[in-house]
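Here's the letter readout for the chains.
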Amino acid sequence: MIDVQKIRNDFPILRREVNGKPLVYFDNAATSQTPQQVIDVIVDYYSNYNANIHRGVHALSQEATDAYEQARIKIQKHFNAAKAHEIIFTSGTTHSINLVANGFASILQKGDEIIVSALEHHSNIVPWQMLCEKTGAVLKVIPMNQDGELMMNAYDDLLSSKTKLVFTNHISNALGTINPIEEIIRKAHTVGAAVLIDGAQACPHIKPDVQALDADFYVASAHKICGPTGQGMLYGKEEWLNKLPPYQGGGEMIEEVTFEKTTYADLPHKFEAGTPNICGGIAFGAAIDYMNSIGFDEIAAYEHELLEYATEQLLNIEGLKIYGTSKNKTSVISFNIEGIHPYDIGTILDKLGIAVRTGHHCAQPIMDYYKIPGTVRASFSFYNTKEEIDLLVAGVERAVGMLV
Ligand code: PMP
């Protein structure tokens, strides 16, 4: 069971006030907060062994290289990848998706089809549109229903021998829906298509097993799971990563360079041009250790409790509508109140020290589907409490009193 008061002590930021009120942080789907254990790793790196990696013979460089490569192994084990070199360090989910989309530009042919889900973040739409422009491939969309779930019958109809790639998020950032990715992957493979899963919103809540899922690519960002910003990862099956060309050229990613011809380094370095975010990679590993020390089963059970409690309390408010009503969802509540702009609710909540996100959540097609400009999104983490949810509910009631 989660000892939430003990856990809260790990997060220095939760002790601060905003606008004279104790901070209530419900913007976890945008970025999570950082525990002292991860902050200590960052401070230790810059205080004691900051150096460039992989090419130094001196002690600091070797220490930094060891820590960086150890972090890669931690990430490999966490995601259950078969090999450490199937984990590529990137600056985040967006970078990882662009890397794969860029690679497929040399594989796709005019008329090939790629399938995207209706529930995507812009970062899992725009790179594929750019890819279609470059290659003449065609983008098809799995539609969604009113509950914010993918319509899997329509997916069956979209799949054909022309389908070369399917990509979807594991969990929607705007609605919290958990997508049936096992089924999506299995069916894509029956027509020989590769599948990329955007796990940015899944990793804070569950521990994905990329081999059991049989995902061809799985991508995530460290800052959603108690790690630093500007750091992420791409898992790719070795056979796919070997097929894709490098994304960027530069130092670190070469085997031999002459002006006539350059040969590329082996995986994972082929995709890691330039000096990476060394501290970020090491801190990513520390964040994974921290999350595992709490335990993903415990996190899921506690967050489910928070979700049920908050849903029940918020629905008592007149005129409040929740978007994303699938039974299969994580601790995200996207809502609106009739006659009030989401931005106005967010602004009043901020005055009360409560951080929520308002707007389209980088998922404009979902907002278009519901014919709304945006929502207020409260997203809960394992360090939040029911008392904080009571403050949110009281804050929304206050906003309604002021604005209706
Ligand atoms: N996909 C999803 C589902 C997300 O929630 C996010 C972050 N909001 C991203 C992709 C992009 O992640 P990043 O900005 O860390 O690259």
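Scroll up for the structure.
The text that follows walks through the structure, step by step, so that each part is easy to find. Bear in mind that the values here come from a model prediction, so they are computed numbers and not experimental data. (Residues numbered from 1 in each chain as written. Predicted model: local features only at pLDDT ≥ 70, side-chain atom pairs only at ≥ 80, totals over all residues.)

## Looking at the packing of helix H12 (residues 342-351) against helix H14 (residues 386-403)
At a minimum axis separation of 9 Å, H12 and H14 run at an interaxial angle of 120°. Considering the angle they form, H12 stands oblique to H14. Both H12 and H14 take part in a crossing whose hand is right-handed. Touching Asp-344, Ile-345, Ile-348 and Leu-349 of H12 are Gly-395, Val-396, Arg-398, Ala-399, Met-402 and Leu-403, all from H14. Per-class residue counts for the contact of H12 with H14 are seven nonpolar, one polar and two charged. (Axes fitted to C-alpha atoms, helices over the stretch in contact; angles between N-to-C directions. Helix = DSSP H or I, 4+ residues; strand = E, 2+ residues; numbered from the N terminus. Parallel < 35°, antiparallel > 145°, perpendicular 65-115°, else oblique. Left-handed = near helix turned anticlockwise from the far one by under 90°. Contact = placed C-beta atoms within 7 Å. Nonpolar A, V, L, I, M, F, W, Y, C, P; charged D, E, K, R; others polar.)

## Here's the deal with the sheet that holds strand S10 (residues 232-236)
In space, the seven strands of this open sheet follow the order S4-S10-S9-S8-S7-S5-S6, with mixed pairing throughout. Two strands lie at the open edges of the sheet, namely strand S4 (87-90) and strand S6 (138-142), each paired on one side alone. Strand-to-strand twist across the sheet, computed as the mean angle between neighbouring axes with direction ignored, equals 20°. In this structure, strand S5 (residues 113-117) lies alongside S6, joined through five bridges in parallel fashion. By the bridge assignment for S6, Ser-117 is matched with Ile-142. Against the sheet, helix H7 (residues 181-190) engages strand S7 (163-169) and strand S8 (194-198), with an angle of about 175° to S7. (Pairing = 2+ DSSP bridges.)

Read these as spatial facts, not as claims about activity.
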